[in-house]
Amino acid sequence: MKYTTTTGRNITKVLIANRGEIACRVMRTARKLGVQSVAVYSEADRNSMHVDMADEAYSIGPAPSQQSYLSMEKIIQVAKTSAAQAIHPGYGFLSENMEFAELCKQEGIIFIGPPPSAIRDMGIKSTSKSIMAAAGVPVVEGYHGEDQSDQCLKEHAGRIGYPVMIKAVRGGGGKGMRIVRSEQEFQEQLESARREAKKSFNDDAVLIEKFVDTPRHVEVQVFGDHHGNAVYLFERDCSVQRRHQKIIEEAPAPGIKPEVRKKLGEAAVRAAKAVNYVGAGTVEFIMDSKHNFYFMEMNTRLQVEHPVTEMITGTDLIAAGEKIPLSQEEITLQGHAFEARIYAEDPSNNFMPGAGPLVHLSTPRADPSTRIETGVRQGDEVSVHYDPMIAKLVVWAADRQAALTKLRYSLRQYNIIGLHTNIDFLLNLSGHPEFEAGNVHTDFIPQHHKELLLSRKAAAKESLCQAALGLILKEKAMTDAFTLQAHDVAIAVTYNHDGSYSMQIEDKTFQVLGDLYSEEDCTYLKCSVNGVASKAKLIILENTIYLFSKEGSIEIDIPVPKYLSSVSSEGTQGGPLAPMTGTIEKVFVKAGDKVKAGDSLMVMIAMKMEHTIKAPKDGTIKKVFYREGAQANRHTPLVEFEEEESDKRESE
């Protein structure tokens, strides 16, 4: 199968206007088709994986995406310089930008995606709703009008009835989206949604729609061609989300009867035909507990989670053919697939995105039923400038239960050191009885928050013995007797002349024996504790020992002496600290202002997200350390509070 177009032009070179895993994914298909690939990269991505994978690569400017990946002129210029006949936009960035699709057309460059008119009609949520209603696709009640005054929007919210959802008209990826549960919080949420929409899409127009409580998010993959044909490739369930962003997806959706599946697919095809859709697209629906479904929006691009559909239908959605090669009847659904998105984020700190080096990265082995879609390698840096997704782990098996078992097995083999990730959280999630039963909805994470965030129990004494042995063998410490301190527990170690060790923890003694060996650039510890053998991957970094085994991972700290430990991380005079490195978008306070606990002090933008910094206590602002537009580093104080009289007396 070749990349071809309506004019019959063969594509021999394609520019990928994107970065990270999706750029690598498109390049892999291009290589299979014998098509050369051209990469573009920002200064922050100079040494990244997609640059190394491409046949040619061109720098397009500084790290911020406005000056690089979102710069249409620079990308068109590279396409001309490199003589690429086509541009594949991937997802995000310029993929749903009508102006960019138009610009490609004007310049005689093929835009691999739908026609600009479809992007326009579907990209503006208000237009898409009326087109869908006219095409007989069920839609949710809402207000999508021109009048964007605060008063008008508030009146419509009252008419529709709380809870309502405020959505950026040009939205996507959970940006510019807020749930409002009462009239009191409407104004603040409206302003926040507008700011984020302006920042993300350069358009702060919003729409209001009824918020369906605990719905399912079910989307249908469609494919259209230039001959007016459109087919559906079944549905995916993407209900399990945090911050309106998907975290785990599966195909097909659990518990959906064949007749509902058919209705969903047919509604999605009507939607695609209504806008003369060409290429891969996704029609998103929300579904209530009775399996009634309503059109939400259409994404006129490839989705992050397209691999689960490829797995159950045996297709490659990136290979652009001139005519759809299969009829609807020929597209069959086989087995079940899951995709888990692996993020650099801290689930225990409200899923705060993070950045930093991938000091150690090892993954399960890829095979026909296990795909690892990634744009990073060990040693790479996860940048503060872009989305914090590290990889997508995609697995397939004959049925849902087998696919779930495979997903958990593969997650245990995904080992990352250097930054916080959501891997343990995904393991807890995929093992939750309600998830196993397929009882998924968009409130799943908030509802089961406590169980999902359960951290591993304190390391068992046997694990402490393994860690101690690993440290001794690695450091080649062969003294007769010494005491190790790990996890606030003293381990008294005695070396026996037969090569074994006796280790005493509290009132129990363990006989420990083992050695280290290497496999695929990793060090493994083979160990026997009181006659019970085990094998674990061993990594020692600074003051921490990491053991990864079939049972999961453990992290054991060897404490630093007190005089070396860093100073307290509390802010200046109890003021808030920057939760992460980012840009100060808005400052609401100045020196001398009196504030109450919970008042908004400033808004930060980092990792493509807006964070409101609130006052931790009542007090008076003594000093504001940052102006709007300034960069603040993680854990630096943002404001200083006046010292209260009572505080002064205590310190005297």
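See above for the structure.
Conventions we followed
Residues numbered from 1 in each chain as written. Predicted model: local features only at pLDDT ≥ 70, side-chain atom pairs only at ≥ 80, totals over all residues. Heavy atoms only, no water. Helix = DSSP H or I, 4+ residues; strand = E, 2+ residues; numbered from the N terminus. Phe/Tyr/Trp six-rings, centres within 6.5 Å; stacked < 30°, edge-to-face > 60°. Buried < 20%, exposed > 50% of the residue type's maximum accessible area, 1.4 Å probe, protein only. Pairing = 2+ DSSP bridges. Contact = heavy atoms within 4.5 Å. Axes fitted to C-alpha atoms, helices over the stretch in contact; angles between N-to-C directions. Expected span 1.5 Å × (residues − 1). Core = buried A, V, L, I, M, F, W, Y, C linked by side-chain atoms within 4.5 Å. Salt bridge = Lys/Arg side-chain N within 4 Å of Asp/Glu carboxyl O.

**Q** Would you take a moment to explain unusual backbone geometry for this structure?
**A** Glycine aside, residues mostly have negative phi, and peptide bonds are mostly found in the trans state. The peptide bond linking tyrosine 162 to proline 163 adopts the cis configuration, its omega dihedral lying at 0°. Across the junction of alanine 251 and proline 252, the peptide omega takes the value -5°, indicating a cis bond. With respect to the helices, strands and loops of the structure, proline 252 is situated in the loop between strand E14 (248-251) and helix H9 (258-274). Although it is not a glycine, histidine 291 sits at a positive phi angle of roughly 70°. Mapped onto the elements of the fold, histidine 291 is located in the loop between strand E15 (279-287) and strand E16 (293-299). If you check the backbone angles, glutamate 506 has positive phi at about 50° while not being a glycine.

**Q** What exactly am I supposed to notice about the packing of aromatic side chains here?
**A** Think of a pair of aromatic rings as described by two things: how far the centres are apart, and how the planes are tilted against each other in angle. For the structure on display, the rule yields 10 aromatic pairs. For the ring pair tyrosine 69 and phenylalanine 93, a centre distance of 5.1 Å and an interplane angle of 20° mean the geometry is stacked. With tyrosine 69 in the loop between strand E3 (56-59) and helix H3 (72-82) and phenylalanine 93 in the loop between strand E4 (86-88) and helix H4 (98-106), the pair connects residues that are 24 residues apart, well separated along the chain. We classify tyrosine 69 as buried; its relative accessible area is 0%.

**Q** Can you walk me through the sheet that holds strand E39 (residues 631-632) in this structure?
**A** The strands that make up a sheet are held in pairs by hydrogen bonds between backbone atoms, and each pair lies either parallel or antiparallel. As summarised here, the arrangement of the 4 strands in space is E37-E36-E34-E39, forming an open sheet in which the pairing is antiparallel. Strands with a single pairing partner mark the edges of an open sheet, and in this sheet they are strand E37 (609-614) and E39. Note: strand E34 (residues 582-587) against E39, 2 bridges, orientation antiparallel. In the sheet register, glycine 582 faces E39, and the bridge partner there is alanine 632. Each of E34, strand E36 (600-606) and E37 is contacted by helix H8 (residues 186-201), which is oriented at about 140° to E37, the strand it contacts most.

**Q** Looking at this structure, I do not really get H9. What am I missing?
**A** Note: α-helices contain 3.6 residues per turn, so residues at a spacing of three or four share the same orientation. Taking 1.5 Å as the rise per residue, H9 with 17 residues should run 24 Å; its terminal C-alpha atoms sit 24 Å apart, in good agreement. Restricting attention to buried positions, one finds in H9 the residues Val260, Arg261, Leu264, Gly265, Ala267, Ala268, Val269, Ala271 and Ala272. Those residues of H9 that are buried are in contact with helix H6 (125-134), strand E10 (216-224), strand E11 (230-237), E15 and E16. Where H9 terminates, the next one or two residues include asparagine 276, which has phi positive at roughly 50°.

**Q** What exactly am I supposed to notice about the nonpolar core here?
**A** Considering soluble globular proteins, one finds that nonpolar side chains tend to be buried as a cluster. If you look at the biggest cluster of nonpolar residues, it comprises 64 residues, and the most contacted ones within it are Val14, Val222, Leu264, Val283, Phe285, Phe295 and Met298. Element by element, the count of residues in this core is highest for H9, at 7 residues. Ala344, Phe351, Leu427 and Phe435 belong to the second-largest nonpolar core, a separate cluster that totals 35 residues.

**Q** Would you explain the sheet that holds strand E1 (residues 13-16) in this entry?
**A** Here 5 strands make up an open sheet; going across it, the order is E3-E2-E1-E4-E5 and the pairing parallel. Because the sheet does not close on itself, it has two edges, and the strands there are E3 and strand E5 (110-111). Pairing of E1 with strand E2 (residues 36-41) involves 4 bridges; the strand directions are parallel. Across the sheet, isoleucine 16 pairs through a bridge with alanine 39, a residue of E2.

**Q** Explain the pattern of salt bridges to me, please; I cannot follow it from the model alone.
**A** When the charged atoms of two side chains lie near each other, side chains of opposite charge can form a pair. In this structure the tally under the stated criterion is 38 salt bridges. Note that lysine 80 and glutamate 107 form a salt bridge whose closest N and O atoms lie 2.9 Å from each other. Taken together, the residues lysine 80 in helix H3 and glutamate 107 in the loop between H4 and E5 connect sequence positions 27 residues apart. When its relative accessible area of 44% is taken as the criterion, lysine 80 is described as partly exposed.

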